Structures are given as structure tokens and as C-alpha cells.
Amino acid sequence: MSTWPEQPGGRHVFVPSHPWLRPAPRLPVAVQVPAAREDARCRRESATAFAVLGLLAALTVAVQLLSGPLAHRTTPLLLALSSAVAAGVVVRHGNRLDRRSRRPWRALALVAALLVCGQLVSVVDPGGAHAQSIWAHVPQVLAVPLAVASCLSLLPPRAGRRPGVRELLDGAVVLVALVLVGSLVLSDAVAGRRGPVDTLLAVGYPVSGALLCGVALMAVSRVPRVRRRSAVWLLVTMVALVVVAIAGALANVVGDAASGVLTVVAWSGMLAAAVRAVDEDPGQPVTGAGEPAVPALLAVVLGHPTSYGVAGVVVALLSAGHAFTLLEQGLVVLLVLLMSVRGLLWAADDARLTRRLAQTEAYFRALAASAEDVTVVLDDDGRVHWVSGAVHSQLGWSERELTGRRLADLVDADDGVVLEDVLRGSVPADPAALPPTVRMVTRGGDRRDVELSGAARAGVPGSALRAGLVLHLRDVTAHRSTQRELERMAWTDYLTGLPNRARFLSSLEDARGRAAEGRPSCVLLVDLDGFKAVNDVAGHEAGDALLTQVADQLRTGAREQDLVARLGGDEFALLVPGGLQEATGLAERLVVSLDRPFRAPSPDGQGAGPRFAVSGSIGLAELDPAADVSATVRQADLALRAAKAAGKRCVRSSGEAVDAAVGRRTRLARDLPAAIAEGQLRVLYQPVVGVHDRRVLGLEALVRWEHPLLGTVPPDEFIPLAEEDGLIVPLQRWVLRVATEQAAVLLADGWDVQTGVNVSVRHLQAGCLAPDVAAVLAAAQLPADKLILEITESVLLDAHEGALGDLETLRGMGVVLSLDDFGRGWSSLAYLARLPVQILKMDREFVAGIDTDPRGRALVASVVELGRALGMDVVAEGVETEAQLAELQAMDCRYLQGYLFGRPMPFAELRALLAGFDDSVLDVPEPPATKMDGGVHLVGRDG
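Cut-off values and rules
- Residues numbered from 1 in each chain as written.
- Predicted model: local features only at pLDDT ≥ 70, side-chain atom pairs only at ≥ 80, totals over all residues.
- Heavy atoms only, no water.
- Helix = DSSP H or I, 4+ residues; strand = E, 2+ residues; numbered from the N terminus.
- Buried < 20%, exposed > 50% of the residue type's maximum accessible area, 1.4 Å probe, protein only.
- Contact = heavy atoms within 4.5 Å.
- Areas by Shrake-Rupley, 256 points an atom, 1.4 Å probe, with all protein chains shown as cover.
- Phe/Tyr/Trp six-rings, centres within 6.5 Å; stacked < 30°, edge-to-face > 60°.
- Lys NZ or Arg CZ within 6 Å of the ring centre and 35° of its normal.
- Pairing = 2+ DSSP bridges.
- Right-handed = clockwise from strand over helix to strand, strands pointing away.
- Polar contact = N/O pair within 3.5 Å; in protein donor to acceptor, adjacent residues only side chain to side chain.
- Patch = residues over 30% accessible without salt bridge, like charges linked within 9 Å, V, L, I, M, F, W, Y side chains within 5 Å.
- Salt bridge = Lys/Arg side-chain N within 4 Å of Asp/Glu carboxyl O.
- Lys, Arg positive; Asp, Glu negative; His and termini not counted.
- Charge placed at Lys NZ, Arg CZ, Asp CG, Glu CD.
- Axes fitted to C-alpha atoms, helices over the stretch in contact; angles between N-to-C directions.
- Parallel < 35°, antiparallel > 145°, perpendicular 65-115°, else oblique.
- Left-handed = near helix turned anticlockwise from the far one by under 90°.
- Nonpolar A, V, L, I, M, F, W, Y, C, P; charged D, E, K, R; others polar.

- The name recorded for the chain in an unreviewed UniProt entry is EAL domain-containing protein, from Blastococcus carthaginiensis.

See the structure below:
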């Protein structure tokens, strides 16, 4: 049962109890709970009312059977009490509805109240032996229009309550049929009766009951669907009222006792149906005004059997020799005319519906034919029963050829399982999943990718309409080709054409499964040595060309069963089926093939550019089926770092323990970015002494890393890491800023010293060294000639026009340029003459043995003379003993640096060093004359 819970302000919300009638938005809990309570209360009250009505009916029947004077007064009193109970329940339950929806039930309650009045008048004025008083019938006659009003009030408002011609005809058929039956059946009951009361009992009440049945039937056909159950119970109420009327008129035929019992039973049924009618009413829906009336078949179902039943009664009476009165003949003719008109309208409706169905089918066929998909209907055997759409262009068959064929016979055998899943409806209903696709054979024998969608059951099982399945087929061959190309692009490295990281990891998962079955595999990680220099110096185009060459070399060196992939940057990977020994042999061959120089194109595209030494380091790990694939990749990466730490150009495999140096290097590389950001670096200074000036003329800034766990880390350990990881530029910007700021402080305090800062060749290659130096000098307000930039001699290898231009810019700014570690590596006198440097710093290895090694002493002397000839100052590093100092003074080397004059110290200790420098350290005796080894040929001796 449904309820209308009332809201503040007199508003009501329709809450239908049936799930298919509920609106989509759910009501708040505060509204639903009172509605549920109201339903429960109504059910309890209705059950109580039915019990009371049943008890009163039984008591009334018992009184009727006892007969006698007591029955004439007791029966009306009990009927009045039953009517009062029903009227109270109808009023109470009708009040739960809104004001408009409760109108029919207020009218029905008034009908019950008038019946109570009529029965009470019968108690006071019992009338004759076989009839009630005339005054007892007055309230009952007045109840007839109220009952009609109750039925009409149930109709929808405005246009929706206007009945159609067909509903009026159905109601008229029932009305005329009931009147005719009443006239035929009650003709004997009317005989011998005279007076208005007898006429009312014999004619008036049956005719009124027939009228009420017709109106109630019209209400059933016109009310909204949600109120139809209530209208049906109201119709039952009116039918019971007709039985009551006919039972009163049949007193002469069946006797007073039987007529009274029938009246009591029909009366109680009428009241119970009225209570059930109001209980079933959910009220007028909010959208009911615009709801189209649904043509109900109940009127037709009741009208035709009624007319056929009347025809049977007429035939039976004719065969019995009954003489029809003029009224009865007119009613028979009127009923025949009404049924004929209704039949014509039924035929017209059938023709109209047939035309509409044909038009709808034509629209459907046109829609299906114009659709891009091919729509097929399969029967129970999976054969094509009906097909529509672009069949030939989509499937390669004509409609006639496809009809009658089993769809499974046209599908590739490998995709038969997919089709069976679709036909059984076992495909998961995942909105995000793509529709299943099968390969279908065309008439020409080629195969097309066909997408299956929209599987829906059709037909009525067990009827003339065979059950089937509707499928939509679409040729997605071109789409699948594009999709496969996109998948290939998603799994392929765009530069080299090798599988990318995602494809490699997916293949690793498959290989792990095979390893669990006893077929081992290994992972090789390949990293290029020297690739960053190519990118930084020659540009990214040269780097891409190098990567393409390396990819080709790896393809050529790998076996057919090996998977070669590019993980990103200059890192490649190979998945090698086989054991560790087999993979190691392959890795060693690849290292040899990768160890070759790379000649980059020149920046202007004309001729050859710089030449780079490029090689490869390989880390090797065996795939563990019990571990995650990422763990194997980490093991291979750790082995690769071990190969890098071992001097590069080699192969290393992973093991249970990794060398401590590799672990330290890995940790340093990981912690270096945080060291720069968190201030773990500090700058120390070592003095440079002028022999002739006998004081400290300069300071060399040396950076140190105070690692929170590993302690002091020397620059020789972390500077290469910074260069490899691209952190050298921010690191040296920080050193330049600190050194210039502290040099400016010393200058402001009156100490005229120059400060040297080591600069990596990578910083020079990056092309931002000159702007960075200009920025820190301006920020510290330090004169440019107070800053010395010490560049290692490896710059000689990369002395291209861009690097030389940056050095000339720095020289033009007034910055002093120094060539550090001269003689240690790739010294070239031809390049030296081109560089705009002003200072040569000899490597400490030259100075180490000059007091004992004549060859070393001669070499140092030649460098000093070379600097003097080129107009460059020469600084000797690593001076630690007085003997070394004496030899250098004898060569007239004017600038010295080493532990003999001071170790690297923090900035806070510099003032004490500068103020307390003891120049007596320079007072050493001249070295004794030494003979040159006779095997050494000196230029100028003996010609």
C-alpha cells in the first residue's frame, strides 16, 4: 500500500510502494519513516475493520435466520453499525491523502453515512412486513448521486478526466446489459407489487446500480495507472451495491429469509470493498495531470462477456416462450446497436494499429539499414534469421547469402570460444571493457576483424514467435590495424625502434614464468661511457646519432632469441634466454663491439667534428623466478655500477655481496643532490707563496663534502659523480659564490690576495661559465683580477671555437686564467699557444722527485722556461720539503704551493695565516750541483 506523507505547509509527497512506480530520487529518511509508520497503522486498522465487519455480518445473518419481530429492528441496527464502522475507516484513511485525492473517499464516506441514516430510520419506522418505510429510502436514494460523484472524483483532472467514445460505449454496454437483465430477471418480482416503494425496489435500485457500475467501469479505464487498483475495488463496491439492490427486489421470488441473507452478505462485502479501495489509493500523482491515460482492457473484458451473457439469457428466455415487453425489446435492440458500433470501432482501431505497426516496422528497417553496424537476429540454432544494414560492405556477404547460415561457421576457429561466450551472455558487463572481436571469413575467403555488441534476447519463448538473439556486427579491420600500430608505438622506442622499457618489463614477467619452469634467463644492462660528453659538446643531434649506432651494434651482436631494448637515455637492456655463463660471453662480445671512437658532425654541418672515446659497461644478473622482476633489474643495475667503478669498459655480474666501494659510490651519488641543497659542502683554502715577494699572494679554494655518515669525502671522489649526474654546474656555482664573497671580505680587510677556483671542463662546455662568473663578481663586488679560474688541461681536447670564445670573454673581463695540472695528461704545446691562459700550474707529480731525479728536475726546468718564454707565470704544486724548495728556487720558479707553506684551512683561520706568515721558510741553502745521467741527451750539449 502507498501513502502520501504530509510535509510542513500542507504539501504531500507521493511515495508509491511498488518499486517500478518509485521515482528515481530517494526521499529523505525523515519522510520515509513516517510513511512506513502510516502504512503499518492503516493495515492494522483495516484488519480490525474487516474483523468487525465479518463479526457483524455473521451476527446479522443469524438474526435474519431467527426471523420474527426482533429481526425487523435488529437487522437495520446492525447494518447501520457496519456502515458507520466503514465510514469511519474510509474518512480516517482518506485523510492521509492530499486535499484533492481525498475527495472520492469523502463522498464515499457520505454514502455510507446516508446508508446509516436509512437503516436508523428503518429501526424507528419499520414500515410494513415486506418493505421499509418510504422515509427509510430517502437517504439511500440521495446516496446514489454521491456514489456517482465518488467515481467521477477518482478521474484525473482537466483533459485527462474526459472519457473517450470507446470508454463511454463500454460503460453503456454494461449499463444497458444490466438493465436488461434486471428487467428480465425481476419481472416476476415486480408482479403483484404496487406503490413507489415496490417500484423503487424492483426497478429504481437495479437501474441505479447498473448506472453506478457503468460509471465505475469508466473510472477504471481512465484513472492513472497508480490508482487503478483502487478504482477496481471501487467497481467491486458498486457491483456489491447492485447485488444488494437485486436481493431486495427478489424477496417475492426467493423468500424474505434468503433475500435478507443475500442482502447482508452483499452489504458487508460492499463495505469491505470500500475500505480496501481507500487503502489501495496512493493518491493523485504529482505528474498525473500530464500523464497520458493508458487504455485499459478491463472495460472491454467486462463489456463483451456481459453482452454475450445477456444474449444467452435472451436466447434461453425465447426458447422458454417468454414474452418480451416493449421496454425489453428496445433494450435488446439498443444493446445490439451498441455492440455493433463498438465492433466497428474495434475494427477501425485494429486497422489503425496495423498501419502504425507497419509504419513503425518501416521506420525500424530504415533505421537498421542506415546504421553503420550490421544487425542480425539469430535463432536458437545460431543461424541468421534476419539481417539488415550494410551487409556487403561490412561482412563481404549479401543479405540472401547470409540468411540461414550458422554464424559460427563464418567465424575463425580460434575465435569460436569468443562467439560462444557472447551467445551464452557470459561476457563480463564491464562498461570500460572493449566489445569482443572475432575474425570472420568473407565470401572471397579473406578475414575481417568484426566487433560483436548489443547482444539482447528477442522473441517470446514458447510461442509462435521464436526465441532469438539480436547482435550488432561492425567491421573494425582498419580500426584494429590502427590500434595495433598504436600499441606498437606504445611498446617501441621512437628513436631507435627498439622495444621500450614497458615492453622490456612485460617480457621480463613472461621470462620469469619460464624461469619457474626450469628455463633460465639473464638481464644485461648496458650503459654508454662518454655519452654525456657527446651530448654536452656536440649537441643532442649527435647524441641521438650515437644512440642509433649503438642500437644497431646491439642488434647485430645479439642473437635472434635475445630481446634488445632501450630503457631511456644512454641505457639499454637485453633479455637473454640462457644461463649465466652464456649471458656473460655475450656481454663480453658486446663490450668489445662498443669500444670504438665516435666522430660527431661539426656544428656547421661541414666536415667532421670532435672525436669522442665511447665505450660500454655492462651489468649482468640472472632472473630469479622467486623474486620480483624489479629486484632483478636492481641487481643488474648494481652490477653495472660495479663495472663503472672498476674502470668502465667491462662486465660485472651481481652476487650476494657487492663491493664496498660500489656501495659507497652508489650512496654518494644518491646523497650528492641533498648535500648541495642542505649545506653539507664547505670551502677550504691553501696559500700560494711568491718567492720574490716573500708573502702569500694567492689562495686556492678547495671544496670538501662533510657527509653525515661517511665523514669527509675528498673532491676526487665526488666531483666525477657530479659530472656524470649533471650536478657539476650547480656545485661550481655554489663554490664560486662562496669563494668570491670571502675574497671580497679579505680585500676589504686590506689583504691583497688573489683567489683561485677550480673549474670543470663540463662547466665550460655548458656555455654558461662566463655569465656565472660575471654574476658572482657583481654580487660580491670583487674586482675581476682578484679571481683566478683554474681549468684542467683536458680543455685542450675540447678547444673548439665555442670554448675558446668563452675563455677569451673571461680574459676580457679581467679574470685570470690558469691551466691546472699541466703535464699530467694530454698536454699539447700547439693547443697551449692558442689558449688565453696566464698561469701554468705544474702537477705535483713533477715536483715530487726533482731533488733526486735528474730527469724530473730537467722536465720541471723546461716547463719553467716554457712559461717564461710564453709570458706565463708558473706555479709549482706539491712543495713539501726544503730540498724541493731549493731546486725550484734555483730554477727561478717564482710561485709555490704545498704543505711546506700551509695545509688547506677554513676561512676563519686565513687571517692568522696571512698576518703571521714566516717568510724565513723561503731561506734554504742552494742545492748541490748534480751530474746529469750520461744516458740523457741534453739539447745544446755536443751540438
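Let's pick the thread back up.
Digging into the overall build of the chain
Piece 1. Helix and strand content of the chain: 33 helices and 20 strands.
Piece 2. Counting across all 943 residues of the chain, residues that qualify as buried make up 45%.
Piece 3. Considering only intrachain contacts with a sequence separation of at least 6, the fraction spanning at least 24 residues in the chain is 67%.
Piece 4. As displayed, the chain has an accessible area near 46400 Å², and 59% of this comes from carbon and sulfur atoms.

Considerations on the packing of aromatic side chains
Piece 1. Taken as a whole and judged by the stated rule, the model has 2 aromatic pairs.
Piece 2. Where W705 meets F718, the ring centres are 5.8 Å apart and the plane angle is 85°; that geometry is what we call edge-to-face. Within this pair, whereas W705 is found in strand β13 (residues 695-707), its partner F718 is found in helix α24 (residues 715-724), the two being separated by 13 residues in sequence.
Piece 3. Classification of F718 as buried rests on a relative accessible area of 0%.
Piece 4. Sitting over the face of the ring of Y899, R903 holds its NZ or CZ atom 4.0 Å from the ring centroid.

Let's talk about the pairing of strand β19 (residues 873-876)
Piece 1. Bridging between strand β18 (residues 839-842) and β19 involves 4 bridges; their strand directions are parallel. Residue pairing in the sheet places M842 in a bridge with A876 of β19.
Piece 2. Bridge count between β19 and strand β20 (residues 895-897): 2 bridges; the pairing is parallel. Paired with V875 across the strands is Y895, a residue of β20.
Piece 3. Note on the crossover from β19 through helix α32 (residues 882-890) to β20: the handedness is right-handed.

Details of the environment of P104
Piece 1. The residue P104 is located in helix α3 (residues 103-124) in this model.
Piece 2. Note: C-alpha distance between P104 and A149 (45 residues apart in sequence) is 7.2 Å.
Piece 3. With near-sequence residues (within four places) excluded, P104 lies in contact with S150, S153, L154 and R227.

Points about α32
Piece 1. Residues Q884, L885, A886, E887 and L888 constitute the buried set of α32.
Piece 2. Lining the buried residues of α32 we find α30 (844-847), α31 (854-870), β19 and β20.
Piece 3. Immediately downstream of α32, the backbone of D892 shows phi near 65°, a positive value.

Thoughts on the side chain of D527
Piece 1. By the secondary structure assignment, D527 is in strand β6 (residues 521-529).
Piece 2. At a separation of 2.6 Å, a polar atom in the side chain of D527 contacts the side chain of K644.
Piece 3. Residues in contact with D527, not counting those within four places in the same chain, are D570, E571, S615, G616, S617, L640 and K644.

So, a positive patch on the surface
Piece 1. A cluster of like positive charges, contributed by R99, R100, R103 and R106, occupies part of the molecular surface.
Piece 2. Among the structural elements, R103 can be located in helix α3.
Piece 3. Look at R103 and you get partly exposed, because its relative accessible area is 47%.

Some points on a nonpolar patch on the surface
Piece 1. The grouping of I134, W135, V138 and L142 at the surface amounts to a nonpolar patch, some 410 Å² of accessible area in total.
Piece 2. Summarising the element assignment, L142 is placed in helix α4 (residues 134-153).

Brief notes about unusual backbone geometry
Both trends apply: most residues other than glycine have a negative phi, and most peptide bonds are in trans.
Piece 1. Located in the positive-phi region is R694, a residue other than glycine, with phi close to 55°.
Piece 2. A residue is classified by how much of its surface remains accessible, and R694, at 30% relative accessible area, is partly exposed.
Piece 3. At D892, a position not held by glycine, the phi torsion is positive, near 65°.
Piece 4. Looking at D892, the relative accessible area reads 28%, which means it is partly exposed.

Things to note about the pattern of salt bridges
Should the charged atoms of two oppositely charged side chains come close, the side chains can pair.
Piece 1. Considering all chains together, one arrives at 38 salt bridges under this definition.
Piece 2. Put simply, E887 and R857 hold a salt bridge, and the shortest N to O gap is 3.9 Å. Of this pair, E887 sits in helix α32 while R857 sits in helix α31; the two residues are 30 residues apart in sequence, bridging distant segments of the chain.
Piece 3. On the accessibility criterion, R857 (12% relative accessible area) is buried.
Piece 4. Bridged by salt links that share partners, the residues D412, D414, D415, R439 and R447 form one connected network.

Let's talk about the packing of helix α25 (residues 728-748) against helix α27 (residues 769-780)
Piece 1. For the pair α25 and α27, the least separation of the axes is 9 Å and the interaxial angle reads 30°. As the angle between them shows, α25 and α27 are arranged roughly parallel. Viewed along their axes, α25 and α27 form a crossing whose handedness is right-handed. On α27, the residues touching V729, R733, L736, R737, T740, E741 and A744 of α25 are D772, V773, V776, L777 and A780.
Piece 2. Here the residues of the contact of α25 with α27 sort into 7 nonpolar, 1 polar and 4 charged.

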